[in-house]
Amino acid sequence: MSVQAVATVAGAPVAVEEVDAAEARLRSGPHAAALPARGTREGRQLRRWLTQLLVTERVVAAEVATRGLSVGDAPTEAELLPDVTARLEIGSVAAAALADPRARALFVDVTAAVRVSDLQVADYHARNPLRFAAAGPDRHGWRAPSGVEPPPVAVRAAVTEHLRGAARRRAFRLWLDERRAALVVLAPGYEHPGDPRQPDNTHRH
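The protein is annotated in an unreviewed UniProt entry as Malonyl CoA-ACP transacylase from Mycobacterium lentiflavum.

Below you can see the structure in the form of structure tokens.
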């Protein structure tokens, strides 16, 4: 019996049953009420998104095996994606993939060489002088942002960490896009949700 594939990753098929199972798990979960109805434009887009997640998981697993990575020292999800802004920067599929410690180990390996320069740090602080100012009590005793600009040396480490985190997320997202483009072939009906050529894409100019 032939397998109905929604995609192939390095030639290996991803069966439609895998998308069915992933969708069923979502629809039986705590956020089921927020999901679009089956068979609608949004419902088909959800299946396309799940397909992206499945092929990304395959790409990650293959790369981890090729590089011989261990998940033992992988950082936590919160360390790599500390807030909503970080999740938006990296994209919803990559953010979801990073729930897997294998993906987090791969993130570390792919982005190990990412650095930010002293000039970038100084420029960021000059443009955002109060971004890392320590909060303190206001005249009512509540903690409030400081209005006093801290000296660059006092916030250099925090600014560096902030900028390097953003740079690493961008580098991983771009690397992941390139690997998927090289390894993944999507079947008709399971194109990327943002592909303007597919009929359910709602982003129009």
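**Q** Quick rundown of the pairing of strand S2 (residues 12-15)? Include the residues and the values.
**A** Bridge count between strand S1 (residues 5-9) and S2: 4 bridges; the pairing is antiparallel. Within S2, the residue paired with alanine 7 across the bridge is valine 14. Turn length for the S1-S2 hairpin, with the two strands adjacent in sequence and antiparallel, is 2 residues, and the turn residue alanine 10 shows positive phi of about 55°.

**Q** Now, about the nonpolar core: what can you tell me, with residues and values included?
**A** Residues Val6, Leu81, Ile90, Leu98, Leu106 and Phe172 are the most contacted members of the largest nonpolar core, which totals 30 residues. Elements supplying a minimum of two residues to this core: S1, helix H1 (16-27), helix H2 (41-67), helix H4 (84-90), helix H5 (92-97), helix H6 (101-110) and helix H8 (152-183). A total of 7 residues in this core trace back to one element, the largest contributor, which is H2. Beyond its immediate stretch of four places on either side in the chain, phenylalanine 172 contacts Ile90, Leu98, Ala103, Leu106, Phe107, Val110 and Thr111. Core analysis: the next-biggest nonpolar cluster, separate from the first, contains 6 residues, Val121, Tyr124, Val159 and Leu163 among them.

**Q** Outline the packing of aromatic side chains, listing residues and values.
**A** For any pair of aromatic rings, the description consists of the separation of the ring centres together with the inter-plane angle of the planes. Within the structure shown, the criterion is met by 2 aromatic pairs. Note on phenylalanine 172 and tryptophan 175: the rings are 6.0 Å apart at their centroids and 20° apart in plane angle, and the pair reads as stacked. Placement of the pair is phenylalanine 172 and tryptophan 175 together in helix H8, with a separation of 3 residues, close to one helical turn. Owing to a relative accessible area of 13%, tryptophan 175 belongs among the buried residues under this scheme.

Calculation rules
Residues numbered from 1 in each chain as written. Predicted model: local features only at pLDDT ≥ 70, side-chain atom pairs only at ≥ 80, totals over all residues. Heavy atoms only, no water. Pairing = 2+ DSSP bridges. Helix = DSSP H or I, 4+ residues; strand = E, 2+ residues; numbered from the N terminus. Core = buried A, V, L, I, M, F, W, Y, C linked by side-chain atoms within 4.5 Å. Buried < 20%, exposed > 50% of the residue type's maximum accessible area, 1.4 Å probe, protein only. Contact = heavy atoms within 4.5 Å. Phe/Tyr/Trp six-rings, centres within 6.5 Å; stacked < 30°, edge-to-face > 60°.

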